[in-house]
Amino acid sequence: GHGNSHWSYADKAEWASDFPHCGGHMQSPINIETGAALFSPQLEPILLPDYSLPPREMLRLQNNGHTVVLDLPRNLTLTGGGFPQPYQAAQLHLHWGSALKPGSEHTVDGHRYAGEIHVVYYSSHFDTIQEAMVEPGGLAVLAAFLQVGTEENEPYQHILEHLNDVHEEGEETWIPAFDVAKLLPDDLSRYFRYNGSLTTPPCYQTVNWTIFNQTIRLSPDQISLLEDTLHGDEDELIQDNFRLPQSLQGRSVLASFL
Ligand SMILES: NS(=O)(=O)c1c(F)c(F)c(SCCc2ccc(C(=O)O)cc2)c(F)c1NC1CCCCCCC1
Ligand SMILES: [Zn+2]
């Protein structure tokens with residue numbers, strides 16, 4: 001049942017028995033086969049208007065035992081992107097691997113990236129994410145891949161420099177607000193699009209996924225900080241917090257570019 005049966009990435013084979021949607025036919029993540037993606041000209045650029053926030057505004061950063069979550073102000077809006085209506089921001093979180101192996105959730109032509117950021121929104125048709133997350137199209141997640149580069153990524157430091165303050169499960173801290181759009185790629189016009197689910201129990205099949213073609217580069221130290229700081233259950237390091245690719249089961253992946 002929802003919530004009362006604790007889950008972990010170690011027992012992802014059991015998710016479907018405790019959370020029925022996890023055994024559904026529109027699950028996420030998926031492997032994106034670029035050669036099979038259908039070009040769709042109606043997929044216009046994603047628009048993230050007015051994301052600069054005053055630094056006196058504080059945002060809550062928390063370690064929920066599975067990832068690090070930054071709560072976002074509801075008035076940050078997602079429009080464009082061929083969406084039928086605007087979406088309101090809820091939270092962002094990250095997925096990563098370990099020093100031994102990468103940890104993105106989606107893969108591209110079988111390639112797994114070092115990590116993945118998810119910015120979670122809910123349809124403006126609803127007042128709360130709880131109402132939205134059980135309705136098809138109720139959620140939209142913007143995803144981008146994290147790669148190891150050479151330079152330090154300054155926008156990501158706004159989060160990474162506070163990871164130590166939330167290294168234990170359940171800990172939270174407040175960080176000065178910043179322009180979270182800077183955590184996403186510059187090019188918001190080239191992306192893949194498909195209908196899927198939350199990649200964690202309860203796996204509701206209500207997510208409109210957007211995966212940007214352009215990747216984000218973090219320095220090796222930044223990736224290591226992400227992989228080696230946060231602890232979850234039984235004080236174990238949170239690593240490899242990604243679900244394996246799920247079958248498309250007849251779904252098409254669209255592309256906003258040729
Ligand atoms: N990739 S994803 O978007 O499916 C996703 C994950 F993969 C995630 F792993 C997570 S964190 C694990 C799920 C969870 C745990 C605790 C709480 C809480 O204390 O409120 C909330 C959620 C996580 F939070 C999310 N996103 C959440 C899914 C939970 C329900 C809706 C809330 C926003 C989206
Ligand atoms: Zn996620």
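These numbers were taken from a predicted model, which means no experiment stands behind them.

(A) Broad picture of the pattern of salt bridges. A full pass over the atoms with the stated rule returns three salt bridges. Note that Glu-172 and Arg-60 form a salt bridge whose closest N and O atoms lie 3.0 Å from each other. Residue Glu-172 is located in strand S12 (residues 172-176), and its partner Arg-60 is located in strand S4 (residues 58-63); the two are separated by 112 residues in the primary sequence. With a closest N to O distance of 3.6 Å, Asp-179 and Lys-182 form a salt bridge. Under the relative-accessibility criterion, Lys-182 is labelled exposed at 52%. If you follow the salt bridges from partner to partner, you end up with Arg-60, Asp-71 and Glu-172 in one network.

(B) Region of interest: the pairing of strand S11 (residues 139-148). With eight of 10 residues buried, S11 lies mostly within the body of the structure. Bridge analysis of strand S10 (residues 115-123) against S11 gives eight bridges, and the strand direction is antiparallel. When the bridges of S11 are listed, Val-119 appears paired with Leu-142. Two strands pair when backbone bridges link them, and S11 and strand S14 (residues 207-212) are joined in this way by five bridges, in the parallel orientation. Bridge pairing in S14 links Ala-140 to Asn-208. As paired elements, S11 and strand S15 (residues 216-218) share three bridges and run parallel to each other. Opposite Leu-146, over in S15, you have Ile-216 as the bridge partner.

(C) Fine view of the coordination of the zinc ion (ligand 2). Within the protein, the atoms that donate to the zinc ion (ligand 2) are His-93 (NE2), His-95 (NE2) and His-118 (ND1), at distances of 2.0 Å. The site at the zinc ion (ligand 2) holds four donor atoms, and with the angles between them running 98 to 118°, its shape is tetrahedral. Motif for the zinc ion (ligand 2), donor spacing along one chain: H-x1-H-x22-H. One end of the pair, His-93, is in strand S7 (residues 87-96); the other, His-118, is in strand S10, and 25 residues separate them in sequence.

(D) Representation of the nonpolar core in the model. With 46 residues, the main nonpolar core has Leu-70, Ile-117 and Tyr-121 as its most contacted residues. Broken down by secondary-structure element, the contributors of at least two residues to this core are S4, strand S5 (68-71), S7, S10, S11, helix H3 (154-160), S15 and helix H4 (220-229). A per-element tally of this core places S7 first, with five residues. Counting residues in each nonpolar core, the second largest holds 24 residues, with Val-141, Phe-145, Tyr-194 and Ile-211 among its members.

(E) Focus on the environment of Leu-188. With respect to the helices, strands and loops of the structure, Leu-188 is situated in the loop between S12 and strand S13 (191-196). Look at Leu-188 and you get buried, because its relative accessible area is 16%. As for Leu-188 and Leu-38, which are separated by 150 residues in sequence, their C-alpha atoms are 18 Å apart. Non-local contacts of Leu-188, meaning those with residues more than four positions away in its chain, are made with Pro-45, Ile-46, Leu-48 and Phe-212.

(F) Spotlight on the environment of Asn-75. With respect to the helices, strands and loops of the structure, Asn-75 is situated in the loop between S5 and strand S6 (77-80). Taking the relative accessible area as the measure of exposure, Asn-75 reaches 59% and is therefore exposed. When the C-alpha positions of Asn-75 and Tyr-87 are compared, they lie 9.5 Å apart, and in sequence the two are 12 residues distant.

(G) Up close: the site of ligand 1. Inspection of the region around ligand 1 gives 16 residues, with Asn-64, His-93, His-95, Thr-199 and Thr-200 positioned closest. A distance of 3.3 Å separates a nitrogen atom of ligand 1 from a polar side-chain atom of His-118. At 2.8 Å from a nitrogen atom of ligand 1 is found a side-chain nitrogen or oxygen belonging to Thr-199. When ligand 1 sits alone it has 640 Å² of accessible area, and the protein chains cover 75% of it. Per element, the largest residue contribution to the shell around ligand 1 is three residues, and it comes from S7. Of the residues belonging to the shell around ligand 1, the class tally is six nonpolar, nine polar and one charged.

Quick notes on the rules
- Residues numbered from 1 in each chain as written.
- Chains lettered and ligands numbered in written order.
- Predicted model: local features only at pLDDT ≥ 70, side-chain atom pairs only at ≥ 80, totals over all residues.
- Heavy atoms only, no water.
- Salt bridge = Lys/Arg side-chain N within 4 Å of Asp/Glu carboxyl O.
- Helix = DSSP H or I, 4+ residues; strand = E, 2+ residues; numbered from the N terminus.
- Buried < 20%, exposed > 50% of the residue type's maximum accessible area, 1.4 Å probe, protein only.
- Pairing = 2+ DSSP bridges.
- Donors = N, O, S within 2.8 Å, 3.2 Å for Na, K, Ca; no water.
- Tetrahedral: all angles 85-135°; square planar, octahedral: opposite > 155°, others 65-115°.
- Core = buried A, V, L, I, M, F, W, Y, C linked by side-chain atoms within 4.5 Å.
- Contact = heavy atoms within 4.5 Å.
- Near = heavy atom within 4 Å.
- Polar contact = N/O pair within 3.5 Å; in protein donor to acceptor, adjacent residues only side chain to side chain.
- Areas by Shrake-Rupley, 256 points an atom, 1.4 Å probe, with all protein chains shown as cover.
- Nonpolar A, V, L, I, M, F, W, Y, C, P; charged D, E, K, R; others polar.

Fair warning: the whole summary comes from geometry, so function is off the table for now.
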